[in-house]
Structure formats: C-alpha cells, structure tokens
Amino acid sequence: MGIFGRKSETSETTADTTAATSAGPDLAALTGEYTVDPAHTSLGFVARHAMVTNVKGSFTDFTGTLNLDGSAPEKSTATFDVQMASIDTGNADRDGHLKSADFFKIDEFPTMTFRTTSAESLGGDDYRITGDLTILGTTKPLTIDLEFNGAAKDPFGNERVGFEGKAEILRSAWGLSWNAALETGGVLVSDKIKLNFDISAIKNA
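On a predicted model such as this, the values are computed, not experimentally measured, just so you know. Note on numbering: residues in each chain are counted from 1, in written sequence order. Local features in this predicted model are restricted to residues whose pLDDT is 70 or higher, and side-chain atom pairs enter the listing and the counts only when it is 80 or higher, whereas totals over whole chains, interfaces and linings include all residues. Computation of side-chain values covers all heavy atoms of the structure but excludes hydrogens and water.

What follows deals with the environment of Trp-178. Among the structural elements, Trp-178 can be located in the loop between β10 (159–170) and β11 (189–203). For the pair Trp-178 and Leu-188, spaced ten residues apart in sequence, the C-alpha to C-alpha distance is 9.5 Å. Strands here mean DSSP runs of E at least two residues long; helices mean DSSP runs of H or I at least four residues long; both are numbered from the N terminus.

Written out as structure tokens, the structure reads:
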C-alpha cells in the first residue's frame with residue numbers, strides 16, 4: 001500500500017498480486033504536486049490557560065505545497081509558510097500579546113515555516129511525516145501523524161486530497177518561554193501546545 005491512497009476493497013481470498021494491480025491506477029492518479037487550499041484548510045492549536053481551560057487558535061494566512069508519491073511514501077514532501085500576523089484566537093487583546101515581543105515577535109520574525117525531511121506509511125490511511133519547524137529563527141524537528149481522508153473531484157473540476165493531522169510541541173523549545181505565575185500555583189500558559197491540521201489540497205495541472 002503506497003502513501004495517500006486508500007486500501008483496495010478486495011476480499012480476503014483475493015490474491016495479493018491482484019490487489020496490487022487493482023490499487024495501482026488509483027495510487028498513480030494521486031501522484032503529483034498539490035497546492036494547499038487556504039479556504040478549506042485550518043492550521044489550529046490549543047494551549048492550556050490558567051491550568052483550568054483550553055484556548056484555541058489558528059493561523060489564517062499561509063501557503064503550502066504537497067508533492068505526493070503514490071507508490072513510494074518516503075518520496076512524498078510538504079512545505080508550509082505561515083504568516084504569524086494572521087494568528088486568531090478570537091480575542092484581539094490576546095492576539096496582540098501573542099504578536100508582541102513576549103511571544104512571536106512578528107516584526108522580526110514574520111513567518112513560520114515547515115519543511116518535511118521524511119515520510120512513512122503506518123498502514124491503512126495512517127501516515128507520519130517529520131520535518132523542520134522554524135519559529136523565531138529556531139529550527140527544531142516536528143513529527144505529525146496524518147490520516148488520509150480521501151480524494152475527490154469537486155464541482156469545479158479540481159482534483160482534491162484531504163488529510164487530518166495532529167502533533168504536540170513544547171513551545172519553550174522554540175524560545176517561546178514567556179509566562180506568569182498563578183497565586184494558586186502553576187503558570188498562566190502551558191508549555192505543551194497541541195497542533196491540529198485539517199488540510200485540503202488541489203492537484204496542479
């Protein structure tokens with residue numbers, strides 16, 4: 001089974017060679033370069049606030065490219081460039097603080113980037129990619145677990161693929177160390193950040 005293609009729905013009695021032959025054309029059709037569709041993609045995160053609740057946010061201005069290889073998962077790649085000024089947590093004051101020198105320093109570091117270094121199939125619709133995530137000029141490895149949601153042609157004739165992904169990071173590893181102590185113990189903002197991705201990409205002509 002290659003990357004980014006669903007399993008063939010063959011019976012248990014079907015020979016392996018027959019299954020491979022029937023799956024081949026579907027996988028071959030998925031191979032190619034795709035452009036991430038920002039209108040149908042979300043790059044989200046969740047942080048613990050005051051030790052008692054979760055604050056959710058996302059970035060709304062970004063570009064991305066996927067190069068998918070339907071028969072060799074290790075050859076598939078992905079790149080993302082995210083404009084940090086587009087951070088949105090639903091609160092203007094909080095967003096302003098996140099853009100400031102306490103956190104993302106967007107005047108000095110306006111862009112966050114991700115570049116894959118490896119990819120692998122975990123079986124079924126599950127995949128894992130690892131890459132270099134750069135924030136505040138610091139580059140660290142990030143591993144993302146992905147689930148392939150399928151491929152379809154939309155009403156406008158675009159060939160689309162979809163993925164869901166998740167990962168966790170310690171923000172302090174990228175120099176995002178600002179915090180405030182609570183009177184009751186603990187800190188205002190968690191070091192651990194959960195990342196959530198819902199990606200739709202269109203195959204380039």
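Next comes the rest of the account.
In this section: the side chain of Arg-160. Relative to the elements of secondary structure, Arg-160 occurs in strand β10. At 2.8 Å, the side chain of Arg-160 and the side chain of Asp-154 are in polar contact. The contact partners of Arg-160, leaving out residues within four places of it in the chain, are Asp-37, His-40, Gly-150, Ala-151, Ala-152, Asp-154, Ser-200, Ala-201 and Ile-202. In the analysis that follows, any N or O atom pair within 3.5 Å is treated as a polar contact, provided that within protein one partner can donate a hydrogen and the other can accept it, and provided that, for residues neighboring in sequence, both atoms belong to side chains. Should any heavy atoms of two residues lie within 4.5 Å, those residues are counted as being in contact.

In this section: a negative patch on the surface. Within the patch definition used here, like charges are joined within 9 Å and nonpolar side chains (Val, Leu, Ile, Met, Phe, Trp, Tyr) within 5 Å, considering only residues with over 30% relative accessible area and no salt bridge. Only the protein chains shown count as covering a residue, and every accessible area follows the Shrake-Rupley method with a 1.4 Å probe. The term salt bridge refers to a pairing of a side-chain nitrogen on Lys or Arg with a carboxyl oxygen on Asp or Glu at a separation within 4 Å. We treat Lys and Arg as the positive residues and Asp and Glu as the negative residues; His and chain ends play no part in the count. In plain terms, the charge of a residue is placed at NZ if it is Lys, CZ if Arg, CG if Asp and CD if Glu. Taken together, Asp-126, Glu-147, Glu-164 and Asp-198 make up a surface patch of like negative charges. Along the chain, the position of Glu-164 falls in strand β10.

Now for the packing of aromatic side chains. Pairs were defined over the aromatic rings of Phe, Tyr and Trp, the Trp ring being its six-membered one, requiring ring centres within 6.5 Å. Orientation was assigned from the angle between planes: stacked under 30 degrees, edge-to-face over 60, tilted for the rest. Tallied over the full model, the rule gives four aromatic pairs. Consider the rings of Phe-59 and Phe-104, whose centres lie 6.3 Å apart with planes at 70 degrees: the pair is edge-to-face. Of this pair, Phe-59 sits in strand β3 (residues 53–59) while Phe-104 sits in the loop between α2 (92–99) and β7 (111–123), and the two are 45 residues apart along the sequence. Three exposure classes are used, based on accessible area relative to the maximum for each residue type with a 1.4 Å probe and protein chains only: buried under 20%, partly exposed in between, and exposed over 50%. A residue is classified by how much of its surface remains accessible, and Phe-59, at 9% relative accessible area, is buried. Relative to Trp-178, the ring of Phe-103 has its centre 5.3 Å away and its plane inclined at 55 degrees; by these criteria the two rings are tilted. In this pair, Phe-103 sits in the loop between α2 and β7 while Trp-178 sits in the loop between β10 and β11, placing the two residues 75 residues apart along the sequence. The exposure class of Phe-103 is buried, given its relative accessible area of 7%. Three or more aromatic residues joined by ring pairs make a cluster, and in this case those are Phe-45, Phe-59 and Phe-104.

Note that Ser-200 resides in strand β11. Residue classification places Ser-200 among the buried residues on the basis of a relative accessible area of 12%. Filtering out sequence-adjacent residues up to four positions away, Ser-200 remains in contact with Thr-35, Val-36, Asp-37, His-40, Thr-41, Arg-160 and Val-161.

Structurally, Leu-122 can be placed in strand β7. On the accessibility criterion, Leu-122 (40% relative accessible area) is partly exposed. Sequence spacing of Leu-122 and Glu-147 is 25 residues, and the spatial spacing of their C-alpha atoms is 9.8 Å. Discounting chain neighbours no more than four positions away, the residues touching Leu-122 are Tyr-127, Arg-128 and Asp-145.

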